[in-house]
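Listed here are the chains, written in short residue letters.
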Amino acid sequence: SQELCSALEQDHEKLQMAKEAVEQRTRELRKEGELLRKNLEQQMCLNRDEKTSCQVGEKKMVFKGLVANKEDVNKLMLTPLIRYPLPGGSALITFEKAEVAQRIIAVKEHMVELSYGEELEELDRCRVRVQAAPVDILLPSVLEIGLTRSNRSILVSDLPSLGISEEALLDKLELFFSKTKNGGGEVESREFLDDSGQVVLTFVQDGVAEPLIERGHIQVLIGKGKYELKISPCMSGDIANLQLQPSRCPRTVLLSGIPDVLGEEPMRDALEIHFQKASRGGGEVDTLAYVPAGRQAVAVFVEDVG
């Protein structure tokens, strides 16, 4: 009997030491996560109490559209594509309904069950405490762009898909537009615009681009085929005025303080199981992204068309 009591006391001491070590590591992870979160917020120029101002670097942009009315000439439509940094030990969870997200945020702290099972004893259950907070992103509220039309550049679009590299296609375009019989001249530079399928050609001399732009379209011999390409003026723009305002995501919640006690997939499953339970204030989960401690990620927010 004395040996059994001694063994139980030793086991109790070991469990107590292990518990203290886990709690200490959890506190350290929370501090690291909080510091990283603050640093990231500073980098994003996020200030909820004061007027927001950010320095915006140079960015190549392509504006496409159809103007039906004169009143629409000066209107510009922006499609949000926001990149949101996620520190380790955090998760973003988007619910199907906004009211579910607001309930989760209102509670602030949640005890998440990591070991589910009706037959488990109370001592065998494992729980972690996580914090829930809203997600605030910055969206443009005022945008003014000064446009300049280039005198020596043209924008070439409606390019064919020939199964060749971009560099090879640029070579063929330069060869065609460098010939005076095609209405061109010596090409100074050529460039594919990112994600647009369009090419900017800049000529060495003035007076070459304008006649091509006036034609609007031109048939170009590429390989064994002729293709009609569209010629447009090349516009460059500088941002003259940009003002940002915080905007809160109605259906998304930021979970932080998640300790590194499970693998990535089991932890993601445990979080989703917990927060979809109506008995805990949750609801149907649309998406969930989890970043384990020690890693970083970037979440991309797009326009909510649902």
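The following refers to the structure shown.

Criteria and cut-off values
- Residues numbered from 1 in each chain as written.
- Predicted model: local features only at pLDDT ≥ 70, side-chain atom pairs only at ≥ 80, totals over all residues.
- Heavy atoms only, no water.
- Helix = DSSP H or I, 4+ residues; strand = E, 2+ residues; numbered from the N terminus.
- Buried < 20%, exposed > 50% of the residue type's maximum accessible area, 1.4 Å probe, protein only.
- Contact = heavy atoms within 4.5 Å.
- Areas by Shrake-Rupley, 256 points an atom, 1.4 Å probe, with all protein chains shown as cover.
- Expected span 1.5 Å × (residues − 1).
- Arc of directions from axis to C-beta.
- Phe/Tyr/Trp six-rings, centres within 6.5 Å; stacked < 30°, edge-to-face > 60°.
- Pairing = 2+ DSSP bridges.

Within the chain one finds five helices and ten strands. Relative to its 306 residues, the chain shows a buried fraction of 33%. Within the chain, contacts between residues at least 6 apart in sequence are counted, and of these 72% link residues at least 24 apart. Element-wise, carbon and sulfur atoms account for 48% of the exposed surface of the chain, whose accessible area totals about 20,500 Å².

In this model, helix α5 (residues 264–275) (twelve residues) spans 17 Å end to end at C-alpha, consistent with the 16 Å of a helix rising 1.5 Å per residue. Buried within α5 we find M267, A270, L271, H274 and F275. Axial view of α5: buried residues confined to an arc of 115 degrees, hence all on one face. In this structure, the buried side of α5 is in contact with β2 (90–95), α2 (98–107), β3 (109–113), β4 (127–157), β8 (225–256) and β9 (285–291).

To continue, consider the packing of aromatic side chains. One pass over the full model with this rule turns up two aromatic pairs. Between the aromatic rings of Y84 and F301, the centroid separation amounts to 5.9 Å while the plane-to-plane angle is 80 degrees, which identifies the pairing as edge-to-face. Of the two residues, Y84 sits in strand β1 (residues 81–86) while F301 sits in strand β10 (residues 297–302), which places them 217 residues apart along the sequence. The exposure class assigned to Y84 is buried, which follows from its relative accessible area of 11%. Summarising the aromatic geometry, the rings of F176 and F177 are spaced 5.1 Å apart at their centres and angled 80 degrees between planes, so their arrangement reads as edge-to-face. Overall, F177 belongs to the buried group, its relative accessible area being 0%.

Right, let's talk about the pairing of β8 for a bit. Pairing between β2 and β8: four bridges, direction antiparallel. From the neighbouring strand, A91 faces β8, where its bridge partner is L255. Relative to β8, β4 runs antiparallel, the two sharing 21 bridges. Paired with E144 across the strands is N241, a residue of β8. The sheet contact formed by strand β7 (residues 217–222) and β8 spans six bridges and is antiparallel. The partner of Q219 across the bridge, within β8, is E228.

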